[in-house]
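Summary of structural features
In case you want the letters, here they are:
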Amino acid sequence: MDFDLSVVWDALPSLWKGTLVTIKITFWGLFGGALLGALAGVIRTYVPGWFSIDIIRQRPLSGILLPLVSMLAQGYILIVRGTPIVVQVMFIYFALPLMVDVRVDGMSAAIATLIINSGAYIAEIVRGALQSVPKGLFEAGQSMGLPFYKILLRIIGPIAFRRMIPALGNQCIISLKDSSLFIVIGVAELTRQGQEIMASNFRAVEIWGAVAVIYLILTGLIALILKTMERRMRIL
Amino acid sequence: MSMVTFEHVVKKFGNNTILDDISLTINKGEVVVVVGPSGSGKSTFLRCINALETIQGGDIRVGKLSVRGKPAEVRELRREAGMVFQQFNLFPQLTALENVMFGPIHARGMSNRQAREKAIALLEKVGLAERMDHYPGELSGGQQQRVAIARALAVNPLLMLFDEPTSALDPELRHEVLKVMKDLAEEGMTMIVVTHEMDFARKVGSRLIFIDQGKIAHDGPPSELLSNPPSQRLKDFLQHVV
């Protein structure tokens, strides 16, 4: 077989377009996923997921509301981790418009799916890191009379974040590669572009080789960014 | 003037009663040393005062503030009762100076510059001014505990709670922490100290409380109780500690 570099060269403009779409989906998906995951992770760590008669008696409203919120977070993580991402994106793109009257374009469906999907995994990463911070540091903050949000943002958060970096790096790379599965709803991301070029010129070796190398460069960049971040912060 | 008041306090973990109907008053300027066998509830006794543990019955007040009050009241109470932990619990991502500045800035709303001046003064007081730019991981246990004392003092508490402050330290490092505590007592700070340091109890304490099985078994001047234990239980305990 012959490897024709000019094929790759000709395909580059479309592949580049696909790469930009992949980056866009991954960036916004992870950005939203980080916010959603941080919220769900904090809830799963600090809000008890059961009703306590004692607490309800003291504070009826939060005593009932908070466990419900915690159960919601738990259910979300259970459903998202328990179903394949391809099914999730198909559901959002094809089933949701039938159930409720919202029509979403492919791009929005892809980003929404990635937010929801990565959010569930990031929630567990956040929970793991928060729980690994010694309880005494939380108490030290409490005994200074600090409110919960200050303890979380100023004391526990910075320590937990450092511990999250390796696992977050993993998740970024996984989400980037998972975005290739959005080919099933026809979003013009990198893998889809590769497939389309392939369908017209049948140069599988060159095209899939080029696509693989682009993914490798992107994931390599993520790894590099995280490594630099880790090196600049002392892990505690 | 009463600083801390216990009124029929009951603390339970599940069905286990840790503190069983405890009532007492601690006045301004007292140095109360709390001793007792392990599992007697002495640490829990201390942690209930600043509401790190919730109580199931009765009430504890620091000044006019109650541990059963609303969250804002409890936070105010905690600012009045500084706490020093057995495991120091310094913030590892901050230097010694930043650790001490943390409370004034975030709990008292002090400006950065004022907090810095205050923190430096307090670190000088505990003899660690020259180590203020070190991280906790770079300090010895005794030094860490002295930073922790400075950090607690920085919030300007009315009283100080010490939860076995020397138990995690090598014997030769204990005296530097005890010295700081002694100075503090001599300045008139109200202190409640859970400890096994009988020497500290005798020399610095103004009152000794012996907790046994969730109740206050003895409460009196340390010199009397220690040299002439009124019960076999205290006698046995002292033999094991000393």
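In case you missed it, the structure is sitting above this.
Let me sum up the structure you'll find in this document. Every value quoted in this text rests on a predicted model; they were computed, and no experiment measured them. (Residues numbered from 1 in each chain as written. Chains lettered and ligands numbered in written order. Predicted model: local features only at pLDDT ≥ 70, side-chain atom pairs only at ≥ 80, totals over all residues. Heavy atoms only, no water.)

Within chain A, the regular secondary structure consists of 9 helices and 0 strands. For chain A, the N- to C-terminal ordering of α and β elements is α-α-α-α-α-α-α-α-α. In terms of its C-alpha atoms, chain A occupies a principal-axis envelope of roughly 75 × 50 × 20 Å. By the burial criterion, 42% of the 236 residues in chain A qualify as buried. Considering only contacts in chain A between residues 6 or more positions apart, those separated by 24 or more positions represent 74%. Averaging the coordinates of the 20 positive side-chain charges in chain A and doing the same for the 13 negative ones gives two points 16 Å apart. (Helix = DSSP H or I, 4+ residues; strand = E, 2+ residues; numbered from the N terminus. Buried < 20%, exposed > 50% of the residue type's maximum accessible area, 1.4 Å probe, protein only. Contact = heavy atoms within 4.5 Å. Lys, Arg positive; Asp, Glu negative; His and termini not counted. Charge placed at Lys NZ, Arg CZ, Asp CG, Glu CD.)

Residue and element names in this part refer to chain B. Strand order in the open sheet made by the 6 strands is β6-β7-β8-β3-β9-β10, with mixed pairing throughout. Bordering the open sheet on either side are β6 (81-84) and β10 (215-220), each of which pairs with just one other strand. Pairwise comparison of adjacent strand axes, ignoring direction, gives a mean angle of 20° for this sheet. The pairing of strand β7 (residues 159-163) with strand β8 (residues 190-194) spans 5 bridges and is parallel. Each bridged residue has a counterpart across the sheet, and for D163 the counterpart in β8 is V194. (Pairing = 2+ DSSP bridges. Axes fitted to C-alpha atoms, helices over the stretch in contact; angles between N-to-C directions.)

This brings us to the interface of chain B and chain A. By a frequent convention, interface size equals the accessible area lost on bringing the separate parts together. Each side of the interface is counted separately: chain B has 21 residues, and chain A has 20 residues. Sorting the residues of chain B by area buried against chain A places R78, Q93 and H106 of chain B first, and these three jointly supply 31% of that buried surface. Taken together, the connections running from chain B to chain A amount to 1 salt bridge. Ionic pairing is found between E139 of chain A and R47 of chain B, a salt bridge with its closest N-O pair at 2.6 Å. (Buried area = accessible area lost by both parts, 1.4 Å probe. Salt bridge = Lys/Arg side-chain N within 4 Å of Asp/Glu carboxyl O.)

Size it by volume and the largest pocket reaches roughly 2100 Å³. Lining of the largest pocket is provided by 46 residues; of these, I55, R59 and Q142 of chain A together with T54 and R78 of chain B occupy positions nearest its centre. Per-element tally for the lining of the largest pocket: the top contributor is helix α2 (residues 53-58) of chain A, with 5 residues. Here the lining of the largest pocket is composed, by residue class, of 24 nonpolar, 10 polar and 12 charged. Forming the walls of the second largest pocket are 28 residues, and the residues nearest its centre are L30, A34, F161, L168 and C172 of chain A. Breaking the lining of the second largest pocket down by element, the ones donating at least two residues are α1 (5-46), α5 (106-132), α7 (148-178) and α9 (204-232) of chain A. Sorting elements by how many residues they give to the lining of the second largest pocket places α7 of chain A first, with 11 residues. (1 Å grid on protein atoms, 1.4 Å probe; cavity = no way out; pocket = protein on both sides within 12 Å on 5 of 7 lines; lining within 4 Å. Points joined across faces, edges and corners; volume = space filled by probe spheres on them. Nonpolar A, V, L, I, M, F, W, Y, C, P; charged D, E, K, R; others polar.)

Next up on the list: empty space enclosed by the protein. Tallying each qualifying case throughout the model produces 1 cavity of 30 Å³ or more. In this structure, the largest cavity spans a volume of roughly 100 Å³. If you trace the largest cavity, you find 13 residues lining it, with S143 and M144 of chain A together with G82, M83 and A152 of chain B closest to the centre. Here the lining of the largest cavity is composed, by residue class, of 8 nonpolar, 2 polar and 3 charged.

What follows is about helix α4 (residues 112-125) of chain B. Residues and elements named next belong to chain B. End to end, α4 covers 20 Å across 14 residues, agreeing with the expected 20 Å (1.5 Å per residue, within 8%). Looking at α4, one finds that the buried residues are A115, A119, L122 and L123. Down the axis of α4, the smallest arc covering the buried residues is 100°, so these residues share one side. Turned more than 90 degrees away from the buried face of α4 sit R113 and E124, all of them exposed. Among the residues trailing α4, G127 stands out with phi positive, at a value near 75°. (Expected span 1.5 Å × (residues − 1). Arc of directions from axis to C-beta.)

Residues and elements named next belong to chain B. Put simply, α4 and helix α5 (residues 141-154) touch, their axes get as near as 9 Å, and they point 135° apart. If you check the angle between α4 and α5, you find them oblique. Helix-helix and strand crossings are classified by hand; for α4 and α5 the assignment is right-handed. Between α4 and α5, the contacting residues are K118, L122, L123 and K125 on the first element and V147, A150, L153 and A154 on the second. When grouped by side-chain class, the residues that make up the contact of α4 with α5 number 6 nonpolar, no polar and 2 charged. (Parallel < 35°, antiparallel > 145°, perpendicular 65-115°, else oblique. Left-handed = near helix turned anticlockwise from the far one by under 90°.)

Evaluated as defined, the whole model comprises 10 aromatic pairs over all chains. Plain terms: the ring middles of Y93 of chain A and F94 of chain A are 4.8 Å apart, the flat faces sit at 75° to each other, and that makes the pair edge-to-face. One aromatic cluster is present, built from ring pairs that chain together F27, W28 and F31 of chain A. Seen from the ring of F91 of chain B, R151 of chain B lies directly overhead, with NZ or CZ sitting 4.5 Å from the centre. (Phe/Tyr/Trp six-rings, centres within 6.5 Å; stacked < 30°, edge-to-face > 60°. Lys NZ or Arg CZ within 6 Å of the ring centre and 35° of its normal.)

Further remarks concern the pattern of salt bridges. This model, assessed by the stated rule, comprises 22 salt bridges over all chains. Here R81 of chain A makes a salt bridge to E124 of chain A, at a shortest N to O gap of 3.9 Å. Residue R81 of chain A is found in helix α3 (residues 60-81), and its partner E124 of chain A is found in helix α5; the two are separated by 43 residues along the sequence. The salt bridge involving D59 of chain B is made with R61 of chain B; its shortest N-O contact spans 3.8 Å.

This brings us to a nonpolar patch on the surface. Residue and element names in this part refer to chain A. On the surface, W16, L20, I23, F27, W28, F31 and L35 cluster together to form a nonpolar patch covering roughly 760 Å² of accessible area. With respect to the element layout, F27 can be found in helix α1. A relative accessible area of 48% places F27 in the partly exposed class. (Patch = residues over 30% accessible without salt bridge, like charges linked within 9 Å, V, L, I, M, F, W, Y side chains within 5 Å. Areas by Shrake-Rupley, 256 points an atom, 1.4 Å probe, with all protein chains shown as cover.)

Residue and element names in this part refer to chain B. Burial along β6 is two-sided: A81 and M83 and G82 and V84, pointing in opposite directions, are all buried. As paired elements, β6 and β7 share 4 bridges and run parallel to each other. Bridging from a neighbouring strand, A81 pairs with L159 of β7.

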